[in-house]
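One letter stands for each residue in the lines below.
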Amino acid sequence: MSEHEYVPKSKAAKWFNDRLPLLTLGAHLTDYPTPKNLNYWWTFGGILTFCLITQIVTGIVLAMHYVAHADLAFASVEHIMRDVNYGWLIRYIHSNGASMFFLAVYIHIFRSLFYGSYKSPREVIWIIGLMIYLLMMAAAFMGYVLPWGQMSFWGATVITNLFSAIPLVGDSITTWLWGAYSVDNPTLNRFFSLHYLIPFLILGLVVLHIWALHVPGNNNPVGIDIKKPSKDTVPFHPYITIKDAFALLVFMIIFAGFVFFTPNVLGHSDNYIPANPLVTPAHIVPEWYLLPFYAILRSVPDKLGGVILMFSAIFILFVLPWLDTSKVRSAVFRPIYRQFFWILVIDVLMLGYVGAMPAEGIYLVLARVGTIYYFLHFIVVMPVVGYLEKTDPIPMSISEPVLTGGAEPSLARKVNDKV
Amino acid sequence: MSKEEKKVNRRDFLFTASYTVGAVGVGAVIWPMIDQMNPDKAQQALATTEVDISSIEPGKSITVLWRGKPVFLKRRTSEEIAEARAVKLDDLPDPQKDEDRVKEGKDEWLVMLGVCTHLGCVPLKDKGDFNGWFCPCHGSHYDVSGRIRKGPAPTNMEIPKFEFVDSNTIKIG
């Protein structure tokens, strides 16, 4: 919390604040000392909050018109598109909003990977963030099922069948998830219920995420610990709010570009065909943001093995703070790790690309190479590079590189000093 | 031993008893919450389907819906049956004789769930490397008996419980 005690100005405010210190909380959030060198990669927290609120608001409105029944769902979505006042706009914001949400979260996660924001003392922020990411994937998957088109139905079939790979109890679990003997009306009904619930769980976790952030304070591009408040920090408001607002505006322009000019480019045309349990579309693909994991799943010629590897690809991130052995946070001062970081970025992009392609020939080879590198990066590269790498000198303070025009080796502390 | 026995007193007993009763109570409340998600009576009521097979020519197949899943009914030609039976069991990832996948004396009728055992897509007929079915989702090849030959699917396509009500009618389920 803030270094100095907040005292409300008016008597009424003081009376209220003594009973529920909301004003103290507000003052803390406004004054919150933030590193002054945060770059635009740090604006995605605010952008993500905007995305969550957009999804909740548009979602609540859509639920007023949507009917969660296998016979009516598809028609009710078309009803929203054609009959409901501004229904097309609200639905396109919601469906493209999901993609925007993932775009922002991937940038947010990779920013954390580059600048070492997951490292001590911020492991809990990182883990809560991953839980949010998992819930986002669940919410997005269930939301994609609701229009009850061909991709909805078969996507739901494929994903729920992942659980049938579990030995012994797999089939019982799948039937339990379905509430029927295949993906059917009970499945759609419960997916709607859970799709409505999950964003509020995410909201709760976001509060914990920010709370956990406010204990150690923000990491920063230099990755060093800073005194708070000091000449290295600025108050959150107005310095960070205005920067976040500018980034958000740029983001909203891109968002609006999708909504108004290419609202269906991120979806799949087969989802405008009503669900048919007798015909599987020739080429099933998940939404783009799940493609890297889909590529990992398909790279393994064994059902259970593929499922295990796919879930491992996500869960390995939870132990990342303990796999990374480097004492230096920011990749700015890690010449070797920095290169591996960009290889990982290319690797994940490539996995996403081959995930959208048929699982055969060169695509299968690339998927296998990509999968192997993905795991090597976390299991081998991160621990080993952390030990062997000779890091560049890190500055004493955020102000130093600004004042001296660069990190002076003579001024820098040794790597093994406590950062 | 005697020391530990002394430590166990009335209060410990009451704690243990309370925790136990509490756990049973919580379990009794949670179970209905979990079990409500299992297939309900209406779903279970759809358990059987009767199919008229009189119009299916040899070599042709039809697809019917049973419990929300497609079921393939294929009337196989004698060549197809011979092909299925000529396969060595060693060549099969999930070894099963063709004889065990059909009803005795009704060898021409292959009745199976049209669901890929990988991730549940519907395989396409007359496709793939083995003259049977091919799943477009992740590339599993099935032979003319519906047995997995190549690809990620772990097992043969499932044979549901079925019976011949008369020579023209099959009851599935």
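The following paragraphs examine the structure supplied in this document.

Reading guide: rules and limits
- Residues numbered from 1 in each chain as written.
- Chains lettered and ligands numbered in written order.
- Predicted model: local features only at pLDDT ≥ 70, side-chain atom pairs only at ≥ 80, totals over all residues.
- Heavy atoms only, no water.
- Pairing = 2+ DSSP bridges.
- Helix = DSSP H or I, 4+ residues; strand = E, 2+ residues; numbered from the N terminus.
- Axes fitted to C-alpha atoms, helices over the stretch in contact; angles between N-to-C directions.
- Buried < 20%, exposed > 50% of the residue type's maximum accessible area, 1.4 Å probe, protein only.
- Salt bridge = Lys/Arg side-chain N within 4 Å of Asp/Glu carboxyl O.
- Core = buried A, V, L, I, M, F, W, Y, C linked by side-chain atoms within 4.5 Å.
- Contact = heavy atoms within 4.5 Å.
- Buried area = accessible area lost by both parts, 1.4 Å probe.
- Polar contact = N/O pair within 3.5 Å; in protein donor to acceptor, adjacent residues only side chain to side chain.
- 1 Å grid on protein atoms, 1.4 Å probe; cavity = no way out; pocket = protein on both sides within 12 Å on 5 of 7 lines; lining within 4 Å.
- Points joined across faces, edges and corners; volume = space filled by probe spheres on them.
- Nonpolar A, V, L, I, M, F, W, Y, C, P; charged D, E, K, R; others polar.
- Arc of directions from axis to C-beta.

1. Regarding the sheet that holds strand 2 (residues 61–66) of chain B
Residue and element names in this part refer to chain B.
- A sheet is described by the order of its strands in space; here three strands give the open sequence 2-3-4, paired in antiparallel fashion. Unpaired on one side and paired on the other, strand 2 and strand 4 (109–113) mark the two borders of the sheet. Between one strand axis and the next, the sheet turns by 20° as a mean value, whatever way the strands run.
- Summarising the sheet, strand 2 and strand 3 (residues 69–75) pair through six bridges and their orientation is antiparallel. The partner of Val 64 across the bridge, within strand 3, is Val 71.

2. Considerations on the pairing of strand 4 of chain B
Residues and elements named next belong to chain B.
- When you tally the buried positions in strand 4, you get five out of five residues, the bulk of the element.
- The alternating pattern of strand 4 places Trp 109, Val 111 and Leu 113 and Leu 110 and Met 112 on opposite faces, both of which are buried.
- Pairing geometry for strand 3 and strand 4, over five bridges, is antiparallel. Bridge pairing in strand 4 links Arg 75 to Trp 109.

3. Digging into the pattern of salt bridges
- Enumeration according to the criterion identifies 14 salt bridges over all chains in this entry.
- Put simply, Lys 119 of chain A and Asp 324 of chain A hold a salt bridge, and the shortest N to O gap is 3.0 Å. Here Asp 324 of chain A lies in the loop between helix 13 (320–323) and helix 14 (335–355) and Lys 119 of chain A lies in the loop between helix 5 (87–115) and helix 6 (123–145), a separation of 205 residues in the sequence. The exposure classification of Lys 119 of chain A matches that of Asp 324 of chain A, with both residues buried.
- Across the pair Asp 143 of chain B and Arg 147 of chain B runs a salt bridge whose closest N-O atoms are separated by 3.2 Å.
- In the salt-bridge network here, residues are joined through shared partners; they are Lys 119, Asp 324, Arg 334 and Glu 389 of chain A.

4. Comments concerning the nonpolar core
Residue and element names in this part refer to chain A.
- Phe 102, Leu 113, Tyr 374 and Phe 378 are the most contacted members of the largest nonpolar core, which totals 117 residues.
- The greatest single-element share of this core, amounting to 15 residues, is contributed by helix 5.
- Setting aside chain neighbours within four positions, we find Phe 102 in contact with Tyr 133, Met 136, Met 137, Ala 140, Trp 288 and Tyr 289.

5. Things to note about the interface of chain B and chain A
- Opposite the 27 residues of chain B that make contact, chain A presents 27 residues.
- When the two sides are added together, the surface that chain B and chain A hide from each other amounts to roughly 2300 Å², 63% of it contributed by carbon and sulfur.
- Considering only the surface of chain B that becomes buried against chain A, Met 37, Gln 43 and Leu 119 of chain B emerge as the three largest contributors, covering 27% of it.
- Scanning the region where chain B abuts chain A turns up 10 residue pairs in polar contact (both at pLDDT 80 or more).
- Sorting the residues of the side of chain B that touches chain A by element identifies helix 3 (41–44), strand 2 and strand 3 of chain B as the ones contributing at least two each.
- Looking at the side of chain B that touches chain A element by element, the count peaks at three residues for strand 2 of chain B.

6. Quick notes on the layout of surface pockets
Residue and element names in this part refer to chain A.
- As a volume, the largest pocket reaches approximately 1100 Å³.
- Taken together, 42 residues form the lining of the largest pocket, with Gly 45, His 108, His 209, Ile 210 and Leu 213 sitting closest to its centre.
- When contributions to the lining of the largest pocket are tallied by element, the ones reaching two or more residues are helix 2 (22–31), helix 3 (44–63), helix 5, helix 6, helix 9 (185–214) and helix 10 (236–261).
- Considering each element in turn, the lining of the largest pocket owes the most residues, eight residues, to helix 9.
- Classifying every residue of the lining of the largest pocket by side-chain character gives 26 nonpolar, 13 polar and three charged.

7. Brief notes about unusual backbone geometry
Residue and element names in this part refer to chain A.
- A cis amide bond links Ser 120 with the next residue in sequence, Pro 121, at an omega value of 5°.
- When you line up the elements, Pro 121 lands in the loop between helix 5 and helix 6.
- Across the junction of His 237 and Pro 238, the peptide omega takes the value 5°, indicating a cis bond.
- The phi dihedral of Tyr 86 falls on the positive side, at around 60°, and the residue is not glycine.
- Within the element layout of this structure, Tyr 86 appears in the loop between helix 4 (73–82) and helix 5.

8. Some words on helix 4 (residues 78–86) of chain B
All names here are of chain B.
- Every buried residue belonging to helix 4 is among Glu 80, Ile 81 and Ala 84, and all of these are buried. Axial view of helix 4: buried residues confined to an arc of 100°, hence all on one face. Pointing more than 90 degrees away from the buried face of helix 4 are the exposed residues Ser 78, Glu 79 and Ala 86.
- Tucked into the core, helix 4 has its buried residues touching strand 3.

Don't take any of this as a statement about function, it's just geometry.
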